[in-house]
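# Coordinates in review
If you want the building blocks of each chain, they are given just below.
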Amino acid sequence: MAGLVTTFGSGAMTNSASEIGHATCILAIGTNTTVAHPVIGLEVKKAVRQGGNLIVANPRKIDLVRFADLWLQHNPSTDVALLMGMMRVIVDEGLLNTSFVEDRCENFDAFRESLNGFDLDSVERITGVAGKKIAQAARMYATNSPATILYAMGITQHTHGTDNVIAIANLAMLTGNIGKPSTGVNPLRGQNNVQGACDMGALPNVYPGYQAVADPVIRDKFEIAWGYYLPDSLGLTLTEILDATYQGKIKALYLVGENPVLSDPDAKHVQEALAKLDFLVVQDVFLSETAQLAHVVLPAATFAEKDGTFTNTERRIQLVRKAVEPVGSAKADWWITCQIGQRMESNGFDFIHPFEIMEEIARLTPSYGGISYERLENGGLQWPCPTKEHPGTPILHTTQFTRGKGQFMPLEYKPPMELPDEDYPLLLTTERSLYHFHTGTMSRKVAGLNILSGEELVEINPKDASALGIANDEVVKVISRRGEVVAKAKVTEACPEGIISMSFHFAESPTNQLTNPALDPIAKIPELKVCAVRVERSAPAEVE
């Protein structure tokens, strides 16, 4: 995916959200868009109303299927096979954009060779989708331009998530659907400022603006600016940090706005790891399940109680303006960080207002070079915005990729780390609810939302429920190799046979005690979307 690698490293959309409604074809894969990203879901519906084609690739019968021209109900974790099968059809039938491939890409011959292993009969066996349907999807995407791809964590949260993203990039380049309005590769971020956090270097291998820690020239720049020696070694991801904590290699941990007791895989292991710490600090807006384990809790102000910026999934940087005073002793996150820095007698933490922080960001981060609070008063700007005169960049890669030419990458299919067996005959996949946000730290405090969705439900196919003697609303146990949880069954055709689905919003039924911590070897993202489980009937008395 080189050429797109910088964008995917940042997880940002290549195009703008408002363009989606004008696409002639949309491929939504690994995204329950109307539930997890309802505003963008409206753009998808707009495109359909205007005559656009919609292809939905999802193992579950999600709401978006109602609007789809074509639903590819592939087996979980078979995305690479599905996408490579589509590309085999596109190449074999001469539907590729030859001029784009020749002028703007490279390594096509090696990629084309890798398609030999993805004939439609083989892909049908792997994915469970009829070969004719895969060919239909390939033709629909390749012959209706502009075409855009939307994806979310149904693509990335696998041990081969990086391969999934590469396959999407290959498909977009193969058809020339990059660098033009209403095209592109568009990952939908899970929270409102995840993009901004990554942009600012909240990753183990980069400084702000995705400037590589391993690059000595970049490291020298930050050492001069900050006045400190900076190590050349890469850091750890959150999952790796918790493993190192469990092993006793980390003694103190400072968590900001993170609730791994509910959000991380193998959550019992997370709790055991945190219990080994000599010192745990949690900074959050509410007393989360993780904060309850902390030695020190630093109360943070909410979005409405502070000034600052958010950067959303389309790379748009927007001002956040303080509307009300913080409750109790809560303080803005930047202020807390500065106070800690000052009390540790460190230089560079004497900011008075966040606009000063943005000035430093602009000085050190080329993609934010033209961003200032003064400019943002007139509306958001999309990075890259390198100078004060630059209007921002609604569409990436219009004339060339970051590396020059886009590089096609050969791929092979890799199964998930856990498959059903005699002891664990079902696959669990995780979802989000329209009514709750992430681990429910905020949304579970809203009475109306709890009326709409007040408890965890285990979605199970009627045939599986019948075979197990499980009735709708009956309390069941879900058991994996790592733990077990109790929740009510929801018997529904939305889940295919052999697959159950749960969210992770409810502390009373902590779904991530079940999930698999196995990591993608490149992105180090855990395989939250697929794990082997069994379901058993449970006495109602076991639920509080």
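Below you will find a few notes about this structure.

What counts, and at which threshold
Residues numbered from 1 in each chain as written. Predicted model: local features only at pLDDT ≥ 70, side-chain atom pairs only at ≥ 80, totals over all residues. Heavy atoms only, no water. Helix = DSSP H or I, 4+ residues; strand = E, 2+ residues; numbered from the N terminus. Rg over C-alpha atoms; globule rule 2.2 N^0.38 Å. Buried < 20%, exposed > 50% of the residue type's maximum accessible area, 1.4 Å probe, protein only. Contact = heavy atoms within 4.5 Å. Core = buried A, V, L, I, M, F, W, Y, C linked by side-chain atoms within 4.5 Å. Pairing = 2+ DSSP bridges. Phe/Tyr/Trp six-rings, centres within 6.5 Å; stacked < 30°, edge-to-face > 60°. Lys NZ or Arg CZ within 6 Å of the ring centre and 35° of its normal. Patch = residues over 30% accessible without salt bridge, like charges linked within 9 Å, V, L, I, M, F, W, Y side chains within 5 Å. Areas by Shrake-Rupley, 256 points an atom, 1.4 Å probe, with all protein chains shown as cover. Salt bridge = Lys/Arg side-chain N within 4 Å of Asp/Glu carboxyl O. Expected span 1.5 Å × (residues − 1). Axes fitted to C-alpha atoms, helices over the stretch in contact; angles between N-to-C directions.

Assigned secondary structure in the chain consists of 20 helices and 21 strands. Its C-alpha radius of gyration of 24 Å places the chain within 12% of the 24 Å reference for a compact globule of 544 residues. Each principal axis of the C-alpha atoms in the chain carries an extent, and together these give about 65 × 65 × 45 Å. Taken across its 544 residues, the chain has 54% of its residues classed as buried. Considering only contacts within the chain whose residues lie at least 6 apart along the sequence, 70% involve residues at least 24 apart.

Attention now goes to the nonpolar core. Proteins that are soluble and globular tend to have nonpolar side chains buried together. Counting residues in each nonpolar core, the largest one holds 51 residues, and the members touching the most others are Ile 29, Met 86 and Tyr 141. For Tyr 141, the contacting residues outside a window of four places in its chain are Cys 25, Leu 27, Ile 55, Met 86, Ala 147, Thr 148, Ile 149, Leu 171, Ala 172, Thr 175 and Asn 177.

Sheet architecture is open: three strands sit in the order S12-S13-S14, paired in antiparallel fashion. Looking along the sheet, the strands with just one partner apiece sit at the ends: strand S12 (308-311) and strand S14 (381-382). Here strand S13 (residues 316-320) runs beside S14; their pairing, made up of two bridges, is antiparallel. Following the sheet pairing, Ile 317 is matched in S14 by Leu 381.

The next point concerns the packing of aromatic side chains. With the rule as written, the count across this model stands at eight aromatic pairs. For the pair Phe 108 and Phe 408, a centre-to-centre distance of 5.5 Å together with 70° between the ring planes defines the contact as edge-to-face. Residue Phe 108 is found in helix H6 (residues 108-114), and its partner Phe 408 is found in the loop between strand S15 (406-407) and strand S16 (426-430); the two are separated by 300 residues along the sequence. Here Phe 108 and Phe 408 have matching classes, each one buried. A network of ring pairs unites the aromatic residues Phe 108, Phe 111 and Phe 408 as a single cluster. Positioned above the aromatic ring of Phe 286 is the side chain of Lys 445, whose terminal nitrogen or guanidinium carbon lies 4.7 Å from the ring centre.

The next point concerns a nonpolar patch on the surface. On the surface, Tyr 254, Val 256, Ile 340 and Met 344 cluster together into a nonpolar patch covering about 370 Å² of accessible area. Note on placement: Tyr 254 falls in strand S9 (residues 252-256). Classification of Tyr 254 by relative accessible area gives partly exposed; the value is 36%.

Counted under the stated rule, the structure contains 23 salt bridges. Residues Glu 497 and Lys 463 are paired through a salt bridge, measuring 3.6 Å at the closest nitrogen-oxygen approach. You can see Glu 497 sitting in the loop between strand S19 (484-491) and strand S20 (499-502) and its partner Lys 463 sitting in helix H20 (residues 462-468), a full 34 residues away along the chain. Judged by relative accessible area, which is 55%, Lys 463 ranks as exposed. A salt bridge links Lys 477 to Glu 484; its shortest N-O distance comes to 3.6 Å.

Looking now at helix H10 (residues 161-174). Counted at 1.5 Å a residue, the expected span for H10 with its 14 residues is 20 Å, and the 20 Å between its end C-alpha atoms agrees. Within H10, 14 of the 14 residues are buried, which leaves the element mostly enclosed by the surrounding structure. In the segment just after H10, Gly 176 is the residue with positive phi, at about 70°.

Time to look at helix H16 (residues 333-343). Turning to H16, its buried residues are Ile 336, Cys 338, Gln 339 and Gly 341. In the stretch just after H16, Glu 345 is the one whose phi turns positive, near 60°.

As a further point, take the pairing of S13. Pairing of S12 with S13, which is carried by four bridges, proceeds in the antiparallel orientation. Bridging across to S13, Gly 308 finds its partner in Val 320.

Spatially, the six strands close up into a barrel ordered S16-S20-S17-S19-S18-S21, and their pairing is mixed. If you compare each strand with its neighbour and ignore which way they point, the axes differ by 45° on average. Relative to strand S21 (residues 531-537), strand S18 (residues 475-479) runs antiparallel, the two sharing four bridges. Across the sheet, Ile 479 pairs through a bridge with Arg 534, a residue of S21.

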